[in-house]
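Single-letter residue listing:
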Amino acid sequence: MDTVKKILIVEDDQFLREFYQELLTTEGFLTETAQEGEEAASKIKKGGYDLILLDIMLPKKDGLQILEELKNNPPSTPNGPIVVLTNIGQDATIQKCFDLGATGYMVKSALNPDQVLVEINNYLKTAKNPA
Amino acid sequence: MLYFLINPTTLLYITAISATFFIGLVLFTVRYGIKYKRLLDEKNSYLIAFQKLYTIMASTVTLEETAQKLTNAIAFELGFQAGVLTIIDKQSNSLKRIAVSQTPEGIIGLKMFPVPYKSIGIPLTYTGNLLIRAINEKKPFITHNMIDLFVPVLPEVIISNIQKVMKIKTSFVYPIFYHNEVIGAMIFSISGEEHEIPDLQREAIMRIMEVVGTVIERVKVYEKLALTSQSLAIANEKLKELDKIKDDFVSIASHELRTPMTAIRSYAWMALNRSDIPLSAKLKKYLERTLISTERLIHLVNDMLNVSRIESGRIQISPEVFDLQSLIQDVVSEVELKAGEKSISLKVNYTNLPKVFADLEKIHQVLLNLIGNALKFTPKNGNIVLSLMSDGMFIQTTVADNGVGISKDDISKLFQKFGRLDYSYTAAAATGGTGLGLYICKKLIESMGGKIWSTSEGMGKGSQFHFTLPIASKQVINQASVNQTLREDGMMPLEPTAI
Ligand SMILES: Nc1ncnc2c1ncn2[C@@H]1O[C@H](COP(=O)(O)OP(=O)(O)OP(=O)(O)O)[C@@H](O)[C@H]1O
Ligand SMILES: [Mg+2]
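Residues numbered from 1 in each chain as written. Chains lettered and ligands numbered in written order. Predicted model: local features only at pLDDT ≥ 70, side-chain atom pairs only at ≥ 80, totals over all residues. Heavy atoms only, no water.

The name given to chain B in an unreviewed UniProt entry is histidine kinase, and the organism recorded there is Candidatus Daviesbacteria bacterium GW2011_GWB1_36_5.

The name that an unreviewed UniProt entry assigns to chain A is Response regulatory domain-containing protein.

See the structure below:
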């Protein structure tokens, strides 16, 4: 097996954040969390995450702003794919995220935990062998 | 067809402009044509006069303005010292002065009136007034006494003084016609005797009165229309605002609802699947029902959001050319697992068909709902068959099942909001339906130029759901690109619905 994957979970709702964390650690991932935009931005800038789950609606600095900063100013240690977490499948916002460098998105309410894991594993796989 | 393309303003302008040409022609003939034939050669002045009247008419939209300009034009062009336009006011049952020419004498007279001239209303029943007689008898009159035109409203001393200062000797009174009705009267005054105006000219004035009548009636209609459309526009704006508020509210509410709903869903799932103690059968059942209900709630919120967006016309339809059969293939493999759980066989009858022009995502949703319904309302070991056919213009897709069927009376209720049928309640309760699916399908299919309907032999005899989509012909695609440019901003996507 490869080295343990490190995942950053950016989510402002405590219950959801802790749920993702528990789900992913039980699955054997290393996790870190951020509960608002500024904290998230400074963690992402350090780099080194294999995957970042990024909520869009965040206090202090929203997901779009974070993506924009990253695009203009990529961290010296690169990160893996950024997967945007949304509540509503709003095309326009999601398209903006893609334009700003996000790899994918998950509509939180549409997925059961097992489906979340499938998605995350897929993103990690595609990151390893970019097609 | 062309008739509908002309709005009231345009109609008014057309009337006004043709009326102007007519008046211009008559005025010209009267003033220059008969008296001074040679002036006819002066094309320039003719054109200038025309141009003047043309701009006056085309640019006036209120009754007041039109009346003023008509009165001025006639008085100046025919060389009267003063002109007055009066019209019948049905509300007060009187004749109202609405314009006095801005000729020098007209202005002098105006200044001398003890009351604003627009407030002068002569009772229609008062036949001692020459204006009223002209109206009643539908013919012109002449007077040398201005008081004949003001009785019984103003006293004789004042009027004869005004007449003196204005140096008016003769006044002509003409009824104004609209079709065969008299709608008012005009007064033209000169400082000389009546024979100064030749008979031919007086006859011409009669004809001008018909044009004046037409123009005034049209302006009145236009004023009414303008008022109505103005209030309609205001009401429409308000409705739009309300609609947006409603839509925003539903959006925000559904967004806020989703976070806790996602948490409930996720933790219920964790309790069922990641518990560190074995679950009792009872606890398992409770948790399963929590999970199902939450999924249903999320589904409901999505559908409500979709309905709200559809109803405010904010669902973006982005049609493209695609192969319907391969989309059906995708949807079928998506639901195969679910079908397998109920041992329902899912078959597609393929044929060679042209591509359709529709919004792929939306058709995906429609197919998911139709197949999902068929799965919900068909008992174990049933059959679902999808088939397609073409009539050259449209492709018709049919989803047929051999499930619970629909009674004749119920078929019409299906595509309504919350149109869940009674008998299906148990089936729906167990599977999580809200009765919005078919309503949304109908709106979506119709927005793409198709139709959707259902057939059934009756209860217990299975049902068929059919929908049509336009074949991607050049004409269909061109038409869509024309409509595309008319679309507004603020469009929203469709929220995904699960089956
Ligand atoms: N294949 C079918 N056979 C029998 N009845 C059907 C079938 N499809 C739909 N119906 C009836 O039409 C109703 C409305 O269907 P619709 O798809 O709008 O709602 P739903 O499936 O109950 O809920 P939703 O789609 O919103 O989750 C159903 O509740 C059911 O009573
Ligand atoms: Mg349905």
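This is not the end of the story, as more comes after the structure.
Colleague: Any details on the UniProt feature "modified residue: 4-aspartylphosphate" (unreviewed entry) in chain A? Residues and values, ideally.
Modeller: Residues and elements named next belong to chain A. Mapped onto the present numbering, the UniProt feature "modified residue: 4-aspartylphosphate" (unreviewed entry) falls at Asp55. Looking at the secondary structure, you find Asp55 in strand β3 (residues 51-55). Setting aside its immediate chain neighbours within four residues, Asp55 contacts Val10, Glu11, Asp12, Gly63, Leu85 and Lys108. (UniProt positions renumbered as here; feature names shortened; annotations may be inferred. Helix = DSSP H or I, 4+ residues; strand = E, 2+ residues; numbered from the N terminus. Contact = heavy atoms within 4.5 Å.)

Colleague: Tell me about the sheet that holds strand β12 (residues 452-456) of chain B, residues and numbers included.
Modeller: Residue and element names in this part refer to chain B. A sheet is described by the order of its strands in space; here five strands give the open sequence β8-β10-β11-β13-β12, paired in mixed fashion. Both edges of this open sheet fall to β8 (345-349) and β12, since each of them pairs with a single strand only. Averaged over all neighbouring strand pairs, the angle between strand axes comes to 15 degrees, with direction disregarded. Across seven bridges, the pairing between strand β10 (residues 383-390) and strand β11 (residues 394-401) is antiparallel. Of the residues in β11, the one forming a bridge with Leu388 is Thr397. Packed on one face of the sheet, helix α11 (residues 360-376) meets β8, β10, β11, β12 and β13 (463-470) and runs near 170 degrees to β13. Docked against the sheet, helix α13 (residues 437-447) engages β12 and β13, running at close to 25 degrees with respect to β13. (Pairing = 2+ DSSP bridges. Axes fitted to C-alpha atoms, helices over the stretch in contact; angles between N-to-C directions.)

Colleague: Can you explain the packing of helix α4 (residues 63-78) of chain B against helix α8 (residues 199-273) of chain B? Please cite residues and give values.
Modeller: All names here are of chain B. Put simply, α4 and α8 touch, their axes get as near as 10 Å, and they point 165 degrees apart. Compared by their axis directions, α4 and α8 come out roughly antiparallel. Read as a crossing pair, α4 and α8 show a hand that is right-handed. Across the interface between the two elements, Leu63, Thr66, Leu70, Ile74 and Leu78 from α4 touch Gln201, Ile205, Ile208, Val212, Val215, Ile216, Val219, Lys220 and Glu223 from α8. Split by residue class, the contact of α4 with α8 holds ten nonpolar, two polar and two charged. (Parallel < 35°, antiparallel > 145°, perpendicular 65-115°, else oblique. Left-handed = near helix turned anticlockwise from the far one by under 90°. Nonpolar A, V, L, I, M, F, W, Y, C, P; charged D, E, K, R; others polar.)

Colleague: Can you break down the coordination of the magnesium ion (ligand 2) residue by residue, with the values?
Modeller: Coordination sphere of the magnesium ion (ligand 2), protein contribution only: Asn369 of chain B (OD1) and Asn373 of chain B (OD1), at 2.2 Å. Residue Asn369 of chain B and its partner Asn373 of chain B are located together in helix α11, separated by four residues, close to a single helical turn. (Donors = N, O, S within 2.8 Å, 3.2 Å for Na, K, Ca; no water.)

Colleague: Break down the confidence of the model for chain A for me, with residues and values.
Modeller: Confidence in the prediction of chain A, expressed as mean pLDDT, is 90, and 93% of residues score 70 or more. Mean pLDDT values over the elements of chain A span from 84, in helix α4 (residues 91-99) of chain A, up to 97, in strand β1 (residues 6-10) of chain A. (pLDDT = per-residue confidence, 0-100.)

Colleague: Tell me about unusual backbone geometry, and name the residues and values.
Modeller: All names here are of chain B. Cis geometry is found at the peptide bond from Val151 to Pro152, where omega equals 0 degrees. Tracing the backbone through its elements, the reader meets Pro152 in the loop between β4 (141-143) and α7 (156-166). Of note in the backbone geometry, His179 takes a positive phi value of approximately 50 degrees without being a glycine. Classification of His179 by relative accessible area gives exposed; the value is 62%. (Buried < 20%, exposed > 50% of the residue type's maximum accessible area, 1.4 Å probe, protein only.)

Colleague: With reference to specific residues and values, describe the pattern of salt bridges.
Modeller: Pairing of side chains with opposite charge becomes possible as their charged atoms draw close. Inspection of the entire model under this criterion finds 21 salt bridges over all chains. The partner of Lys61 of chain A in a salt bridge is Glu69 of chain A, and the shortest N-O contact between them spans 2.8 Å. On the basis of relative accessibility, which here comes to 15%, the residue Lys61 of chain A falls in the buried class. Between Lys69 of chain B and Glu65 of chain B there is a salt bridge; the shortest N-O distance is 3.5 Å. Residue Lys69 of chain B and its partner Glu65 of chain B are both found in helix α4; the two are separated by four residues, about one turn of the helix. By relative accessible area, which is 28% here, Lys69 of chain B ends up partly exposed. Here the residues in one salt-bridge network are Glu11, Asp55 and Lys108 of chain A, joined through shared partners. (Salt bridge = Lys/Arg side-chain N within 4 Å of Asp/Glu carboxyl O.)

Colleague: Help me get a handle on the nonpolar core, residues and values and all.
Modeller: Residues and elements named next belong to chain B. In terms of nonpolar packing, the biggest core is built from 48 residues, with Leu324, Ile363, Ile371, Leu386, Leu444, Phe467 and Leu469 touching the most fellow members. Top element by residues in this core is α11. It accounts for eight residues. Not counting the four nearest positions on each side in its chain, Leu324 is found in contact with Val356, Ile363, Leu388, Ile395, Thr397 and Leu469. Judged by nonpolar contacts, the second largest core, of 30 residues, contains Phe113, Ala134, Phe141 and Ile162. (Core = buried A, V, L, I, M, F, W, Y, C linked by side-chain atoms within 4.5 Å.)

Colleague: Which residues make up the sheet that holds strand β2 (residues 94-100) of chain B, and what are the values?
Modeller: Residues and elements named next belong to chain B. Within the open sheet, the six strands sit side by side as β3-β2-β1-β6-β5-β4. Their pairing is antiparallel. Whereas interior strands pair on both sides, the edge strands pair on one side only; in this sheet they are β3 (121-123) and β4. Pairs of neighbouring strands in the sheet enclose a mean axial angle of 25 degrees, with direction left out of account. Each of β1 (82-89), β2 and β6 (181-190) is contacted by α4, which is oriented at about 65 degrees to β2, the strand it contacts most. Taken strand by strand, helix α6 (residues 130-137) contacts β1, β2, β3, β4, β5 (170-178) and β6, and its axis lies near 165 degrees from that of β4.

Colleague: Tell me about the packing of aromatic side chains, residues and numbers included.
Modeller: Per the stated rule, a full pass over the model turns up nine aromatic pairs over all chains. Seen in terms of ring centroids, Phe19 of chain A and Tyr20 of chain A are 5.1 Å apart; in terms of plane orientation they differ by 45 degrees. Their pairing is tilted. No difference in accessibility class separates Phe19 of chain A from Tyr20 of chain A, as the two residues are buried. Ring plane angle 55 degrees and centroid distance 6.4 Å describe the contact between Phe80 of chain B and Phe172 of chain B, whose orientation is recorded as tilted. With a gap of 92 residues between them, Phe80 of chain B in the loop between α4 and β1 and Phe172 of chain B in strand β5 connect regions that are remote in the sequence. Of the two residues, Phe80 of chain B and Phe172 of chain B, neither departs from the other in class, the shared state being buried. Members of the aromatic cluster, joined through ring pairs, are Phe15, Phe19 and Tyr20 of chain A together with Tyr267 of chain B. Its end group placed over the ring of Tyr49 of chain A, Lys6 of chain A keeps NZ or CZ at 5.0 Å from the ring centre. Cation over ring: Arg97 of chain B sits above Phe150 of chain B, and NZ or CZ is 4.1 Å from the ring centre. (Phe/Tyr/Trp six-rings, centres within 6.5 Å; stacked < 30°, edge-to-face > 60°. Lys NZ or Arg CZ within 6 Å of the ring centre and 35° of its normal.)

Colleague: I'd like to hear about the interface of chain A and chain B, residue by residue, with values.
Modeller: Often, the extent of an interface is quoted as the loss of accessible area on bringing the components together. The partner chain B presents 20 residues to the 22 residues of chain A that form the contact. Around 1900 Å² of area is buried between chain A and chain B when both sides are counted, 62% of it from carbon and sulfur atoms. When the area that chain A buries against chain B is broken down by residue, the three leading residues are Asn87, Ile88 and Ser109 of chain A, summing to 29%. Where chain A touches chain B, the interface holds one salt bridge. Linking Arg274 of chain B and Glu27 of chain A is a salt bridge whose minimum nitrogen-to-oxygen distance equals 3.8 Å. Secondary structure elements with two or more residues in the side of chain A that touches chain B: α1 (14-26) and α5 (113-128) of chain A. Counting residues per element, the side of chain A that touches chain B draws most heavily on α1 of chain A, at six residues. Looking at the side of chain A that touches chain B residue by residue, the class counts come to ten nonpolar, five polar and seven charged. (Buried area = accessible area lost by both parts, 1.4 Å probe.)

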